Amino acid sequence: MRPLTATEIAESFVNCTRGEVKSMTPIRGLADVDWEVREFLGWRDPKAPARAYLVTVRNDRPLGVELRATTESRPGHGSALCDICHTAHPADSVGLFVARKAGQRGRDHHTVGTYICADLACPLYVRKLRPVTLPQGETAPPEERARRLQRRLDAFLDRVLT
Ligand SMILES: [Zn+2]
């Protein structure tokens, strides 16, 4: 994705109020982000661990979504798959995240949920830039996995935006 400034990120959120944006803890280390290896930037809020943020560029415009982590872990046998990047993790390292929809539907409390890597580092996992602890069923090369990640991300964002 193309590089974003802290201001662009702060102004990108489509599913929360101005007050909620003000209370967000900005991502740390923005200057060190390698944008070439990112379909999105994701981080958890250290001051409010249930809050998480996903920021990407769509149609050349910054698009940010606030997510709420639930306490639910994915049903399974000790391991779980992320819906966005299909990386396998121990079950407690994949979380069910819920996003309020954008616009009026969000204000009417409509939400969409998906399972995502708890640290929101999907772009790093598909490129093997962050180690995993479990054997992986996914064997496609990183470029192909990155393309699939982008498609799944777009599908999730479509659900938030419509
Ligand atoms: Zn993931």
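Parameters and conventions
- Residues numbered from 1 in each chain as written.
- Predicted model: local features only at pLDDT ≥ 70, side-chain atom pairs only at ≥ 80, totals over all residues.
- Heavy atoms only, no water.
- Donors = N, O, S within 2.8 Å, 3.2 Å for Na, K, Ca; no water.
- Tetrahedral: all angles 85-135°; square planar, octahedral: opposite > 155°, others 65-115°.
- Helix = DSSP H or I, 4+ residues; strand = E, 2+ residues; numbered from the N terminus.
- Phe/Tyr/Trp six-rings, centres within 6.5 Å; stacked < 30°, edge-to-face > 60°.
- Buried < 20%, exposed > 50% of the residue type's maximum accessible area, 1.4 Å probe, protein only.
- Pairing = 2+ DSSP bridges.
- Axes fitted to C-alpha atoms, helices over the stretch in contact; angles between N-to-C directions.
- Contact = heavy atoms within 4.5 Å.
- Polar contact = N/O pair within 3.5 Å; in protein donor to acceptor, adjacent residues only side chain to side chain.

Draft legend 1. Representation of the coordination of the zinc ion. Distances from the zinc ion to its protein donors, Cys82 (SG), Cys85 (SG), Cys117 (SG) and Cys122 (SG), fall within 2.2 to 2.3 Å. Taken together, the 4 donor atoms surrounding the zinc ion define angles of 102 to 116° at the centre, an arrangement classified as tetrahedral. Binding-site remark: the zinc ion is held by donors from one chain whose sequence spacing is C-x2-C-x31-C-x4-C. Of this pair, Cys85 sits in the loop between strand E4 (79–81) and strand E5 (88–90) while Cys122 sits in helix H4 (residues 122–126), placing them 37 residues apart in sequence.

Draft legend 2. Inspection of the packing of aromatic side chains at higher detail. In total, this model carries 2 aromatic pairs according to the counting rule given. On the numbers, 5.9 Å between centres and 80° between planes, the contact of Phe13 with Tyr53 is edge-to-face. A residue pair is termed long-range when its members are at least 10 positions apart, and Phe13 in the loop between helix H1 (6–10) and helix H2 (18–22) and Tyr53 in strand E2 (residues 48–58) qualify at 40 residues. Side by side, Phe13 and Tyr53 carry an identical accessibility label, which is buried. Its relative accessible area of 0% is what places Tyr53 among the buried residues. Taken together, the aromatic side chains of Phe13, Trp43 and Tyr53 make up a single cluster linked through ring pairs.

Draft legend 3. Structural view of the pairing of strand E1 (residues 41–45). Among the 5 residues in E1, 4 count as buried, and that is most of the element. Between E1 and the antiparallel strand that follows it, E2, lie 2 residues.

Draft legend 4. Molecular detail of the sheet that holds strand E3 (residues 61–73). Read across the sheet, 5 strands follow the order E1-E2-E3-E6-E7 without closing on themselves; strand pairing throughout is antiparallel. Looking along the sheet, the strands with just one partner apiece sit at the ends: E1 and strand E7 (111–117). Across the sheet, the mean angle separating the axes of adjacent strands is 35° when strand polarity is ignored. Helix-sheet contacts for helix H5 (residues 142–161) involve E2, E3, strand E6 (94–100) and E7, and the interaxial angle to E2 is about 105°.

Draft legend 5. Summary view of the environment of Asn15. One can find Asn15 in the loop between H1 and H2. A relative accessible area of 4% places Asn15 in the buried class. Taking the C-alpha atoms as reference points, Asn15 and Lys101, 86 residues apart in sequence, are found 6.0 Å from one another. Other than its neighbours up to four places away in sequence, Asn15 contacts Gly64, Val65, Glu66, Ala99, Arg100, Lys101 and Ala102. A distance of 2.9 Å separates the side chain of Asn15 from the backbone nitrogen of Glu66, its partner in a polar contact. Within polar-contact distance, the side chain of Asn15 engages the backbone oxygen of Arg100 at 3.0 Å.

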